[in-house]
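Listed below are the residues making up each chain.
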Amino acid sequence: SQTIHQWPATLVQPVGSPLSLECTVEGTSNPNLYWYRQAAGRGLQLLFYSVGIGQISSEVPQNLSASRPQDRQFILSSKKLLLSDSGFYLCAWSLTGGTEAFFGQGTRLTVV
Amino acid sequence: AQTVTQSQPEMSVQEAETVTLSCTYDTSESDYYLFWYKQPPSRQMILVIRQEAYKQQNATENRFSVNFQKAAKSFSLKISDSQLGDAAMYFCASLVNAGNMLTFGGGTRLMVKP
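Remember, predicted model here, so these are calculated numbers, not experimental data.

S.K.: What should I look at first to understand the packing of aromatic side chains in this one?
M.R.: Evaluated as defined, the whole model comprises 14 aromatic pairs over all chains. On the basis of an interplanar angle of 25° and a centroid distance of 4.8 Å, the ring pair of W93 of chain A and F102 of chain A is categorised as stacked. Exposure remark for W93 of chain A: the relative accessible area of 3% places this residue in the buried category. In this structure an aromatic cluster arises from ring pairing among Y34, Y36, Y49 and F103 of chain A together with F35, Y37, F91 and F104 of chain B. Here R43 of chain B stacks its cationic end above the ring of F88 of chain A, 4.5 Å away from the centre of that ring.

S.K.: Any chance you could explain the nonpolar core here in plain terms?
M.R.: Generally speaking, soluble globular proteins have nonpolar side chains that are buried together. Formed by 25 residues in total, the largest nonpolar core has its most connected members in W36, F75, L77 and Y90 of chain B. Secondary structure elements with two or more residues in this core: β3 (19-21), β5 (32-39), β6 (46-52), β8 (64-69), β9 (74-79), β10 (88-96) and β12 (108-113) of chain B. L46, Y49 and F103 of chain A together with M101 of chain B belong to the second largest nonpolar core, which has 21 residues in total.

S.K.: Help me understand the pattern of salt bridges, please; the structure alone is not making it clear to me.
M.R.: Where charged atoms from two side chains of opposite charge approach closely, those side chains can pair. Applying the stated rule across the entire model yields 5 salt bridges over all chains. Put simply, R50 of chain B and E100 of chain A hold a salt bridge, and the shortest N to O gap is 3.3 Å. Here R50 of chain B, found in strand β6, pairs with E100 of chain A, found in the loop between β9 (87-94) and β10 (101-103), and the two come from separate chains. Among the residues examined, R50 of chain B registers a relative accessible area of 28% and is labelled partly exposed.

S.K.: So what exactly am I meant to see when it comes to the interface of chain A and chain B here?
M.R.: Many structure descriptions define interface size as the accessible area lost when the parts assemble. With 26 residues of chain A at the interface, the matching set in chain B holds 22 residues. Between chain A and chain B, roughly 2,000 Å² of surface is buried when both sides are summed, and carbon and sulfur atoms account for 52% of that area. Among the residues chain A hides against chain B, the three largest losses belong to L44, T99 and F103 of chain A. Together they make up 26% of the total. At the surface where chain A touches chain B, the tally comes to 1 salt bridge. In this structure, the connection of chain A to chain B is made through 7 residue pairs in polar contact (both at pLDDT 80 or more). Counting only elements with at least two residues in the side of chain A that touches chain B, the list comes to β4 (32-38), β5 (44-52), β9 and β10 of chain A. Taken together, the residues of the side of chain A that touches chain B break down into 11 nonpolar, 11 polar and 4 charged.

S.K.: Can you walk me through the environment of T18 of chain B in this structure?
M.R.: All names here are of chain B. Tracing the backbone shows T18 in the loop between β2 (10-14) and β3. Taking the relative accessible area as the measure of exposure, T18 reaches 45% and is therefore partly exposed. Separated by 64 residues in sequence, T18 and S82 place their C-alpha atoms 6.1 Å apart. Not counting the four nearest positions on each side in its chain, T18 is found in contact with V13, K78, I79, S80, D81 and S82.

S.K.: Can you walk me through the pairing of β8 of chain B in this structure?
M.R.: Moving residue by residue along a regular strand, the side chains alternate between the two faces of the sheet. All names here are of chain B. Where strand β7 (residues 60-61) and β8 come together, 2 bridges link them in antiparallel fashion. Across the sheet, the residue bridging to T60 is S65, located in β8. Where β7 folds back onto β8 in an antiparallel hairpin, the turn is made up of 2 residues, including N62, whose phi is positive at roughly 55°. Pairing between β8 and β9: 6 bridges, direction antiparallel. Residue pairing for β9: N67 is matched across the bridge by S76. Between β8 and the antiparallel strand that follows it, β9, lie 4 residues; K73 among them carries a positive phi value of about 55°.

S.K.: For this particular structure, what's the right way to read the state of the cysteines?
M.R.: Defined simply, a disulfide is a covalent bond joining two cysteines at their sulfur atoms. Residues and elements named next belong to chain A. Tallying each qualifying case throughout the model produces 2 disulfides over all chains. In this model, C23 is linked to C91 through a disulfide, with the two sulfur atoms separated by 1.9 Å. Here the disulfide of C23 and C91 is left-handed, its torsion about the S-S bond being about -75°. With C23 in strand β3 (residues 19-26) and C91 in strand β9, this pair connects stretches of sequence that are 68 residues apart.

S.K.: How do you make sense of unusual backbone geometry when you look at a structure like this?
M.R.: Residues apart from glycine generally show negative phi values, whereas peptide bonds are mostly found in trans. The linkage connecting W7 of chain A with the following residue, P8 of chain A, adopts the cis geometry, with an omega of 0°. Position of P8 of chain A among the secondary structure elements: in the loop between β1 (3-7) and β2 (10-13). Positive phi is not limited to glycine here, since A16 of chain B has a value of about 80°. Exposure remark for A16 of chain B: the relative accessible area of 45% places this residue in the partly exposed category. Backbone geometry places N62 of chain B, a non-glycine residue, at a positive phi of 55°. Considering the arrangement of structural elements, one finds N62 of chain B in the loop between β7 and β8. According to the relative accessible area criterion, N62 of chain B is exposed, its value standing at 76%.

Analysis parameters
- Residues numbered from 1 in each chain as written.
- Chains lettered and ligands numbered in written order.
- Predicted model: local features only at pLDDT ≥ 70, side-chain atom pairs only at ≥ 80, totals over all residues.
- Heavy atoms only, no water.
- Phe/Tyr/Trp six-rings, centres within 6.5 Å; stacked < 30°, edge-to-face > 60°.
- Buried < 20%, exposed > 50% of the residue type's maximum accessible area, 1.4 Å probe, protein only.
- Lys NZ or Arg CZ within 6 Å of the ring centre and 35° of its normal.
- Core = buried A, V, L, I, M, F, W, Y, C linked by side-chain atoms within 4.5 Å.
- Helix = DSSP H or I, 4+ residues; strand = E, 2+ residues; numbered from the N terminus.
- Salt bridge = Lys/Arg side-chain N within 4 Å of Asp/Glu carboxyl O.
- Contact = heavy atoms within 4.5 Å.
- Buried area = accessible area lost by both parts, 1.4 Å probe.
- Polar contact = N/O pair within 3.5 Å; in protein donor to acceptor, adjacent residues only side chain to side chain.
- Nonpolar A, V, L, I, M, F, W, Y, C, P; charged D, E, K, R; others polar.
- Pairing = 2+ DSSP bridges.
- Disulfide = S-S within 2.5 Å.

See below:
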């Protein structure tokens, strides 16, 4: 069966520090991968999505970047965190032609 | 680009009553799926119901049903016999196969009153 792992679950980082959030999918091949951010009590904002290794589409300009070094690995990064980067980050995957998207457990990031 | 709009930031319903959450979407594609996801306080995203765009019949899952109006690009969720456990954020979403875009609406917070 397919599973998605996202870590860490919570993270507190100082302003100006780097960030690396990792998401991996198991049990499937060539998934479409997504990173979303959710501010407190708000909706899901699509940050990046990827349809293949090395293929990254950015939806909004921001202080973040994404990479897909392997087929089932999706990494969200920042070189220098801002206070406004605080939020809840969700990774998700789907299959082309598939009928559903699946989500990780999320990472609660607090920038202090 | 795909857009999904939920015009109701908050809704409340009395336990055992029925509530309808609204959603409109916009896409130029013909091959897509629509979803309603539930996000409880744990923040885990739970699929409530799914609708294939090519199907005219409205999807139903127990107490949850949708009213899919393709021409109007409307996709509302009806919850019957509301239960306290239904209280959560509800997100409407579209998945377009061309480009594989998964787009969410802004969410509706549903409160259930005992």
